[in-house]
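If you want the building blocks of each chain, they are given just below.
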Amino acid sequence: MTAEFRKTEPRNAPGAKPSTARTAQGAFDARFAAAYDAVVDGWPLPVETITLDSEFGMTHVIACGPADAPPLVLLHGGGTTAAVWYANAADLARGHRVYAIDRIGEAGRSRRGARPLRDAAGLHAWLDGVLTGLGVADAAICAHSYGAWLALTYALHAPHRVTGLVLLDPTQCFGGFRLRYLRRALPSLLRPTADRARRFIAWETAGATAAEPGGATADWLELYGLAAEFPGARTVVGRRPKRAALRTLATPTRVILAADSRTHDPAKIAAAATRDLPNAEVSVLPGVSHHAMPWHRAAHLDADITRFLTALPVPPGSV
């Protein structure tokens with residue numbers, strides 16, 4: 001992969017008369033791009049856009065923070081895009097070069113290429129290439145929900161490239177989902193719409209999406225709803241890591257669970273993570289639900305993440 005510091009714009013074939021379907025798709029793309037940009041424009045610090053090309057497609061990365069600071073990769077949860085870190089970026093970028101990545105194949109600004117992402121091995125190869133394209137030999141990774149599953153399995157795949165892990169209310173890592181959560185999510189999974197997505201997140205967060213201090217912004221809620229309708233979005237589903245594999249992981253790890261999560265039982269996940277990860281610190285953040293991470297009570301979350309990252313050993317050869 002090679003990195004280019006450029007913004008991409010929609011390309012239209014000159015002289016071609018668009019079909020109704022293409023016109024509708026173009027209208028959605030424009031609306032999605034505007035919503036995405038509105039959220040990123042609200043990040044309270046300067047950001048750069050990086051695009052990385054490979055056989056998997058084009059990967060879109062939002063970068064911020066000092067260029068010579070230790071790298072920190074942010075992997076978002078399902079359906080939230082790299083823009084979701086709007087409440088965390090400024091704090092995390094004070095001491096790190098932050099790279100928030102849109103996964104290929106999901107809602108976001110990345111685009112598929114000739115080689116489809118079909119399984120965990122493909123995701124790991126893609127992330128390997130992204131790090132290489134960014135010029136990053138190794139990095140700390142902070143990830144939420146499904147992104148935390150990818151981060152954890154990637155650390156098992158390439159432990160030499162991960163200096164530390166922060167897993168935010170991880171799913172499919174140490175336990176399964178609550179049945180009530182799956183039943184409530186089913187309509188959105190079978191027939192996703194913006195309205196259903198917003199109603200579901202309002203239920204899971206118990207109203208934290210309302211316009212209040214620490215709540216979700218209107219711009220992000222607009223983007224979240226549109227992400228549910230993103231054409232062709234497909235999440236790669238992988239298996240939960242085996243306990244024996246987890247117990248071999250030497251990477252320093254911080255697991256931060258959402259006390260009010262309706263996704264799974266935080267106490268059971270905490271017990272499993274403590275049991276299976278030999279180098280893990282595990283805590284529960286009060287007053288936060290699964291889908292309210294990472295933007296709700298962001299200052300408390302950021303302080304916890306920063307404390308952990310600051311204490312990480314300096315890799316050999318680093319300044």
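In what follows, the accompanying structure is described. For clarity, every value in this text was computed on a predicted model and none was experimentally measured. (Residues numbered from 1 in each chain as written. Predicted model: local features only at pLDDT ≥ 70, side-chain atom pairs only at ≥ 80, totals over all residues. Heavy atoms only, no water.)

### Side note on the pattern of salt bridges
What the rule picks out here adds up to 16 salt bridges. In this structure, a network of salt bridges that share partners links the residues Arg243, Arg247, Arg275 and Asp276. (Salt bridge = Lys/Arg side-chain N within 4 Å of Asp/Glu carboxyl O.)

### Re a nonpolar patch on the surface
Judged by side-chain polarity, Phe177, Leu179 and Leu182 come together as a nonpolar surface patch covering roughly 260 Å² of accessible area. Positionally, leucine 179 belongs in helix H5 (residues 179–190). (Patch = residues over 30% accessible without salt bridge, like charges linked within 9 Å, V, L, I, M, F, W, Y side chains within 5 Å. Areas by Shrake-Rupley, 256 points an atom, 1.4 Å probe, with all protein chains shown as cover. Helix = DSSP H or I, 4+ residues; strand = E, 2+ residues; numbered from the N terminus.)

### Quick look at the pairing of strand E9 (residues 253–258)
Both faces of the sheet carry side chains from a regular strand, because those side chains alternate between them. Taken across its 6 residues, E9 has 6 buried, putting it largely inside the fold. Residues of E9 alternate between two faces, with Thr253, Val255 and Leu257 on one and Arg254, Ile256 and Ala258 on the opposite face, all of them buried. Pairing of strand E8 (residues 162–168) with E9 involves 4 bridges; the strand directions are parallel. When the bridges of E9 are listed, valine 166 appears paired with arginine 254. Where E9 meets strand E10 (residues 280–285), 6 bridges bridge the pair, whose relative direction is parallel. Bridge pairing in E10 links arginine 254 to glutamate 281. Handedness of the crossover joining E9 and E10 through helix H9 (residues 266–276): right-handed. (Buried < 20%, exposed > 50% of the residue type's maximum accessible area, 1.4 Å probe, protein only. Pairing = 2+ DSSP bridges. Right-handed = clockwise from strand over helix to strand, strands pointing away.)

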